[in-house]
Amino acid sequence: MLRRVIVAVSLVALAAQPAWAEIGRIKQSIGAAAVERGKARLPAAPGLQVQEGDVLVTGKNGRISLTFIDNTRFSAGPNSRIAVSEFKFDRATQRGSFVTQVNRGSLAIVSGQIAHSGRDAMKVRTPTSLLGVRGTRFVVKVP
Amino acid sequence: MPRGGRFILAATGLVGGCAGPSLLLLPGEQGDQGAVAVLESGGKPQETVVSDVNSRTKLGRANPRTRVIGAARVKTSERALVARLPPPPVSFILYFEEGAARITSESRPQLDAIRAEVARRPGVDVQLTGHADTLGSSEDNDALSQARALEVLNILAGEGIDRSVMTALGRGEGQLRVETADGVRDAANRRVEVVVR
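Residues numbered from 1 in each chain as written. Chains lettered and ligands numbered in written order. Predicted model: local features only at pLDDT ≥ 70, side-chain atom pairs only at ≥ 80, totals over all residues. Heavy atoms only, no water.

A. Region of the structure containing the interface of chain B and chain A. In this complex, chain B contributes 61 residues to the contact, which on the side of chain A involves 60 residues. Summed over both sides, the interface between chain B and chain A buries roughly 4,900 Å², with carbon and sulfur atoms accounting for 56% of that surface. When the area that chain B buries against chain A is broken down by residue, the three leading residues are B:Leu81, B:Arg84 and B:Pro86, summing to 14%. The tally of links from chain B across to chain A stands at five salt bridges. (Contact = heavy atoms within 4.5 Å. Buried area = accessible area lost by both parts, 1.4 Å probe. Salt bridge = Lys/Arg side-chain N within 4 Å of Asp/Glu carboxyl O.)

Pasting the structure below:
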């Protein structure tokens, strides 16, 4: 009986959780730094929730740091345009797929659970190449 | 040099020596090696695995070449970029009384450590994943693991952590910390894992 009450209570409370559309959060930003979402341009303030399809945009003195829900971490440098084109992640099984497009600028990455979940489950695209991430820390530059 | 000349130099990428697209592979934070595979470059599908740390690979040609440069020759701008990576997420484990969503007294001090970690991270988010041991039915354990995660969420919210930065999830008996047969009580499996990012 007690168990049944717990079931009812917990299902209601879990439904009240924030939407699962969140794939990461901005942790820090400096200078001209925005997140483009469709036609909207949001200031990249700490705590801003990032969604699949968002584009990180920085100006001459701009920088953005963020952490994704699979523990992947990004640091984007000045004059960058970086699209998170695909981010699928199952929090329960910790598997997924992740495609980032570095159109311009510089990006430091520490890979997380998605990269561990399967060979080349995490990919980074530049205008002239495609990379499969097999682990840990690197920098991609597109001048 | 006339202005126009400087512009052409910059535009053709002759300034700075390595102005084309590139990959810099660094050692992992634990000193681990890691690797990145070039799957496509200059229109040519391939699988060129880069695994030398502190190496630079020029991208965009059909045959990407990797050069080991050594840690000393990583550029200042690249160091600045890496220095601004967010800190690694930190994990905590809270253990629970048997069959209940009640934190053990031994685990309670962990709540203070979690609060302190949350306070020092700008833009923080917290993930709470509840688990159960294999005693009882798997349906009951799904519910129990959710109730445990919610118990922690509610305690932390009561201590002033904004609910909008927390997500709770129950994994039932699907992710045991200690492998056991079904129907086994095991204190190490009755837990909530907390990740502070």
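Still to come is the rest of the account.
B. Focus on the pairing of strand β10 (residues 122-126) of chain A. Residue and element names in this part refer to chain A. Where burial is concerned, the two faces of β10 differ: the one with Met122, Val124 and Thr126 is buried and the one with Lys123 and Arg125 is not. Across four bridges, β10 lies against strand β11 (residues 129-133) in antiparallel orientation. Paired with Thr126 across the two strands is Ser129, which belongs to β11. Counting the residues in the hairpin turn of β10 and β11 gives two residues. (Buried < 20%, exposed > 50% of the residue type's maximum accessible area, 1.4 Å probe, protein only. Helix = DSSP H or I, 4+ residues; strand = E, 2+ residues; numbered from the N terminus. Pairing = 2+ DSSP bridges.)

C. The arrangement of helix α4 (residues 138-158) of chain B in detail. Taking 1.5 Å as the rise per residue, α4(B) with 21 residues should run 30 Å; its terminal C-alpha atoms sit 30 Å apart, in good agreement. Positive backbone phi, approximately 105°, marks B:Gly160, located one or two places after α4(B). (Expected span 1.5 Å × (residues − 1).)

D. Quick peek at the environment of B:Glu78. Checked against the element boundaries, B:Glu78 lands in helix α2 (residues 76-83). A relative accessible area of 1% means that B:Glu78 is categorised as buried. As for B:Glu78 and B:Gln30, which are separated by 48 residues in sequence, their C-alpha atoms are 19 Å apart. Not counting residues within four places of it along the chain, the set of residues in contact with B:Glu78 comprises A:Lys141, B:Leu24 and B:Arg56.

E. Representation of the packing of aromatic side chains within the structure. Residues and elements named next belong to chain A. This structure, assessed with the given rule, holds six aromatic pairs over all chains. A centroid spacing of 6.4 Å and a plane angle of 65° characterise the contact between Phe87 and Phe89, whose relative ring orientation is edge-to-face. Here the two residues Phe87 and Phe89 agree in accessibility, since each one is buried. (Phe/Tyr/Trp six-rings, centres within 6.5 Å; stacked < 30°, edge-to-face > 60°.)

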